[in-house]
Amino acid sequence: MLRFLGLDGSSSDGVGRLISIGGRQLRLTRQLAEGGHATLFEAKELNSGELLVVKQIIAADGEAAELAEREILSHAALGRHEAVLPLLAETSERRRDGGGEYLLLLPLCNGGHLWDYASSTPMRPLTKLRALEQIAGALDFMHERCLAHMDVKLENVLVSSTRSGGAADSFFLCDFGSTLESPEGEPAGVLPSALDRRGRYHLEEWVNAHTTPMYRAPELCDLHSGLRVGPAADVWALGCLLYTLCFGAHPFAEASPVQIISGKWRVPQGAFVDDAFIALIRAMLRVDPATRPAAAAIVQVARKLQRRGGAGARLAPLSDDDIAQIVTLLKAPGAKAHIQRQEAPHHTLNNGFNGTTALRSKCMELHKQTSTIASLHLRDVSREPASEYLSRRREGPA
């Protein structure tokens, strides 16, 4: 996990260094963050003066180098999606012992990561839905390509902000060092019960090293449960992320495996949150991964709720047709649910009855829904200047 430094970039290792990545000459101007295996630097392109980010990965040995190369390949394979942080270029230098240095060139997002952004910028319901739509869209894009992110969290979402209240801010999924890939044509993810003892041991070691405890889905906490490990874990983590945006606290802050496996979470007493968010969180935090909605369904629900509009802390009331369509989208994509669901304490909205209250109750009825994952062609990474891309991204599609 990266540790983000103050704006003064007080740690100066590497600052001032001249580097060349993808034909661009850059100078590292300040250190932004550092973690166990990577350091982020702000960098200035010498020709244009554009500010970018360089992610430096130091691989101590051949195994670490292989992980770094897998991260680069996974990131590059995603091509250009509007909510995936673009990989502009990369370079590497291997050593004789198998280790080496890897440099990734990325855009600079002025809003920082989502935790800092949410802590400093009041996020209206429509802004939260916009963030949910874009992050879920990036995950859907990955899942279509047989990739699961496996470390979705606030710190792995970056924000390009207009600083004008969030209406046009953009959210980008980043950090693909924990990506889990499934062979094409096979079921997504890994079925631990199909592994031998050594395989399960390696999977457990991988989970401990590459995922964040409080965001781990139940199937990651108990590899003997017989539940498949894969894209559905991203949906669970997205539910944790949305809960945190809504309530300012994590649903599993203690990272207790027992609590996570049981799926027990509560709405904080006195919380003022539209019931549409509760319905979304409840759907994403289903214990059985086969009953969670696909990321594509989350995108559709978020878009539908945004189209309804709202003002301030309220979403507009939903019609019966809207409720029926959203309930259908949030139905279980796999077999009927066989889990015990934790009821959140009843809470009322100050504005009286809202159509989303009916949505919340109806979403408790789980049904069977199938989810089709299409295979799409990979697109090459675009080389347009990052500043132009982010500006166009804020303005929306042409």
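That block above? That's the structure.
A quick note: this is a predicted structure, and the numbers were derived from the prediction, not measured. (Residues numbered from 1 in each chain as written. Predicted model: local features only at pLDDT ≥ 70, side-chain atom pairs only at ≥ 80, totals over all residues. Heavy atoms only, no water.)

## Some remarks on the side chain of threonine 39
- Along the chain, threonine 39 falls in strand β4 (residues 38–45).
- Residue contacts for threonine 39: discarding those within four places in its chain leaves Gln31, Ala33, Glu34, Val54, Lys55 and Gln56. (Helix = DSSP H or I, 4+ residues; strand = E, 2+ residues; numbered from the N terminus. Contact = heavy atoms within 4.5 Å.)

## Brief notes about the packing of aromatic side chains
- Taken as a whole and assessed by the stated rule, the structure comprises four aromatic pairs.
- Judged by centre distance (5.4 Å) and plane angle (20 degrees), the ring pair of tryptophan 236 and phenylalanine 252 falls under stacked. One end of the pair, tryptophan 236, is in helix α6 (residues 231–247); the other, phenylalanine 252, is in the loop between α6 and α7 (257–262), with 16 residues separating them in the sequence.
- We classify phenylalanine 252 as buried; its relative accessible area is 0%.
- The structure contains a cluster of three or more aromatic residues connected by ring pairs, namely Tyr243, Phe247 and Trp265.
- The ring of phenylalanine 141 carries arginine 145 above its face, with NZ or CZ at 3.6 Å from the centroid. (Phe/Tyr/Trp six-rings, centres within 6.5 Å; stacked < 30°, edge-to-face > 60°. Buried < 20%, exposed > 50% of the residue type's maximum accessible area, 1.4 Å probe, protein only. Lys NZ or Arg CZ within 6 Å of the ring centre and 35° of its normal.)

## Observations concerning helix α1 (residues 62–77)
- Helix length check: α1 (16 residues) gives 22 Å between terminal C-alpha atoms against 22 Å at 1.5 Å per residue, within 8%.
- Listed in full, the buried residues belonging to α1 are Ala65, Ala68, Glu71, Ile72, Ser74 and His75.
- In the core, the buried residues of α1 are packed alongside β5 (51–59), β6 (89–94), β7 (100–107) and β8 (147–148).
- Its side-chain oxygen at 3.2 Å from the backbone nitrogen of glutamate 63, aspartate 61 defines the N-terminal cap of α1. (Expected span 1.5 Å × (residues − 1). Polar contact = N/O pair within 3.5 Å; in protein donor to acceptor, adjacent residues only side chain to side chain.)

## Looking at the environment of alanine 295
- Within the fold, alanine 295 resides in helix α9 (residues 295–308).
- Linking alanine 295 and alanine 138, residues 157 residues apart in sequence, is a C-alpha distance of 8.7 Å.
- With residues up to four places along the chain from it excluded, the contact list for alanine 295 reads Ala136, Leu139, Asp140, His143 and Val235.

## Regarding unusual backbone geometry
- Despite not being glycine, methionine 150 shows a phi value in the positive range, around 75 degrees.
- Residue placement: methionine 150 occurs in the loop between β8 and β9 (157–160).
- Of the residues examined, methionine 150 reaches a relative accessible area of 6% and is grouped as buried.
- In this structure, aspartate 175 is a non-glycine residue whose phi angle is positive, near 60 degrees.
- Turning to its location among the elements, aspartate 175 is positioned in the loop between β10 (170–173) and β11 (180–181).

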